[in-house]
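# A structural walkthrough
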Amino acid sequence: MEYQRKKKLTNFTIGLLFLSGGIEYAVILPTIWAYLQTLHAEPYFLGLGISAFSLTGLLTGPLFGHWSDRSQRTKAIILFANVFEIVGNFMYFMGVSKWLLLGSRLVAGVGTGAGASIFGYLTRSTTSQERATVFAAVMACRQVGLLIGPACNLFLRLCNFRLGPFEVNKFTSPGLFMCLLWILLQFVVAAMYYDLQPVPHPQRAALAAQQEEEREPLVQHDAGQEEPAEHRSYGGTVQREPAEPPVGDESRYVPNGHLAEEEGRVKEKSPFQNFSAMREYLREEVVVLLTAQFITLFNQTALETMVTPITQRYLSFGELENSIMYFLCGIEVICGFFLVRCLSSRLPDRVILVLGLVICNVACVWCLLFLARPQGSFPVLLSELVVGVFLQVLGLPFVAVSQVSLFSKVTAERTQGFSHGLRRSVGGIATILGPLWAGGLTENLYIMLGVMMGLLSLLMVMVGLSYSYLVEPPRSYVPGPSPEERRS
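Residues numbered from 1 in each chain as written. Predicted model: local features only at pLDDT ≥ 70, side-chain atom pairs only at ≥ 80, totals over all residues. Heavy atoms only, no water.

Here we come to the overall build of the protein chain. From N to C terminus, the protein chain includes 15 helices and six strands. Considering the protein chain as a whole, with its 488 residues, one finds that 52% of them fall into the buried category. Within the protein chain, contacts between residues at least 6 apart in sequence are counted, and of these 80% link residues at least 24 apart. Summed over all atoms, the accessible surface of the protein chain reaches about 21,700 Å², with 65% contributed by carbon and sulfur. (Helix = DSSP H or I, 4+ residues; strand = E, 2+ residues; numbered from the N terminus. Buried < 20%, exposed > 50% of the residue type's maximum accessible area, 1.4 Å probe, protein only. Contact = heavy atoms within 4.5 Å. Areas by Shrake-Rupley, 256 points an atom, 1.4 Å probe, with all protein chains shown as cover.)

And the structure:
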């Protein structure tokens, strides 16, 4: 009973952390362009400011994830990461120069690295059947933040007073607001977050026993003997194995067939200590999912960067209109995550991924046809923009949830923190390059959107060719490296 209470409080705190991350994004993004203009910044600083936040996050994600894999603790990591959020947002509030503003986003981005540790914890504490639902709920919390953020801007834009030597206005107030919010969250994490060790899932032991009973010989040896299909290595090459460990011994099995045994216990090996463990991330299905992470986030951030200048140039939108637009997008995304949560119990992750990619392709084609060179009256331009943004936002939940859930299933459980850190780093690279790409091509939208369409087409081909591998691998015993491999 006490364990369940602590788990609920911990999950509630995780939801608050992702909620705050969404609020920060939605509070900062609609006003940062106008804020930079008051500091006499060049147009390319918009891309730099948005990308800076992701740069430090992609560097710290794998480090924080590896830290949590080794310690099996996340509370200290979260408290440490939040300090950077507090300092970075206070620097943003100061607003002395464009360089300080850029530095503030670099510092605040360090705090996002804790997300890798949180996803690692969620993977270890859930079964593969419920994982997509849990990830959808967590991501929905961030989208609720994206919904609340613009609503906060409606009040923050009314600020106009001084706080000591600093001026509090509609541009600097988001930094002060987020600084105070992250300070409050420090107390919440300290009081309500618990470093719980996940209990063994009965489903996992039952699944291993069931697979052992239903194992059938499918692959022929040269000598006429047969080998179960589960014992094949990736790509169909047969591996000969020693005697199997006792069936149902959950402590000796880990997802994806990785086993490291020392005196009856799993010997955890760091990816930094054993280079052969890094080969796991070069398998076809892992590469496809990382590519999906990169391309979808690249296109998403590029379109987000493009939308603000377009609405300002062709529709004369200000910070109020942009905030309302992001508010409506937040509602749509939340509905999308609830839809994906319902579909995840009925459809495989790879089917949801394909549906999301189809929607994203349609959205990119629409933008290429109607937004590359907007023409017509205000109602026509507004309608074209609404349809393009609607389609882009609609596809996001499908791709985001499915690829994260699949990635957690095709990588080893013992290194989930590092794996999610690597995944988020790939996404961080995309969120850096996306705004830079879009920021430099706001006058050449055909080139910008054409490259995005090409990337999506490439991803569709990759997913189609690797579709059969985008499933959770069977639980099987796979031996360590042979003596010849050790000598090499």
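Picking up where we left off.
Right, let's get into the packing of helix H2 (residues 44-71) against helix H5 (residues 114-124). The description of two packed helices rests on the angle between their axes and on the distance between the axes. Where H2 contacts H5, the two axes come as close as 7 Å, and the packing angle between them is 40 degrees. Considering their axes alone, H2 and H5 lie oblique with respect to each other. For the pair H2 and H5, the crossing hand works out as right-handed. Of the residues in H5, those touching H2 at Gly61, Phe64, Gly65, Ser68 and Asp69 are Ala114, Ala116, Ser117 and Arg124. (Axes fitted to C-alpha atoms, helices over the stretch in contact; angles between N-to-C directions. Parallel < 35°, antiparallel > 145°, perpendicular 65-115°, else oblique. Left-handed = near helix turned anticlockwise from the far one by under 90°.)

Bringing helix H13 (residues 416-439) into the picture now. Every α-helix carries 3.6 residues per turn, so stepping three or four residues along brings you back to the same face. The end-to-end C-alpha distance of H13 is 34 Å, a good match for the 34 Å that 24 residues give at a rise of 1.5 Å each. Of all 24 residues in H13, 17 are buried, a share of seventy percent or more. (Expected span 1.5 Å × (residues − 1).)

With 104 residues, the main nonpolar core has Leu353, Met448, Leu449 and Met452 as its most contacted residues. Among all residues touching Leu353, those that are not within four sequence positions of it are Leu289, Phe398, Val399, Ser402, Gln403, Leu406, Val463 and Leu470. (Core = buried A, V, L, I, M, F, W, Y, C linked by side-chain atoms within 4.5 Å.)

If you walk through the whole model with that rule in mind, you get 13 aromatic pairs. Their ring planes at 10 degrees and their centres at 6.1 Å tell us that Tyr35 and Phe171 sit as a pair that is stacked. Separated by 136 residues along the polypeptide, Tyr35 in helix H1 (residues 2-38) and Phe171 in the loop between strand S2 (166-168) and helix H7 (173-192) bring together distant segments of the chain. Side by side, Tyr35 and Phe171 carry an identical accessibility label, which is buried. Arranged with centres 6.1 Å apart and planes meeting at 90 degrees, the rings of Phe64 and Phe80 form a pair that is edge-to-face. With Phe64 in helix H2 and Phe80 in helix H3 (residues 75-94), the pair connects residues that are 16 residues apart, well separated along the chain. Of the residues examined, Phe64 reaches a relative accessible area of 6% and is grouped as buried. Over the face of the ring belonging to Phe119 we find Arg423, whose NZ or CZ atom lies 5.1 Å from the ring centre. (Phe/Tyr/Trp six-rings, centres within 6.5 Å; stacked < 30°, edge-to-face > 60°. Lys NZ or Arg CZ within 6 Å of the ring centre and 35° of its normal.)

Further remarks concern the pattern of salt bridges. Counted by the stated rule, this structure contains four salt bridges. A salt bridge links Arg105 to Glu24; the shortest N-O distance between them is 3.6 Å. Of the two residues, Arg105 sits in helix H4 (residues 98-110) while Glu24 sits in helix H1, which places them 81 residues apart along the sequence. Each member of the pair Arg105 and Glu24 is classed as buried. Measuring nitrogen to oxygen at the nearest pair gives 2.3 Å for the salt bridge that ties Arg283 to Glu285. Given the relative accessible area of 14%, Arg283 is considered buried. (Salt bridge = Lys/Arg side-chain N within 4 Å of Asp/Glu carboxyl O.)

These results come straight from atomic positions and should not be treated as a statement about function.
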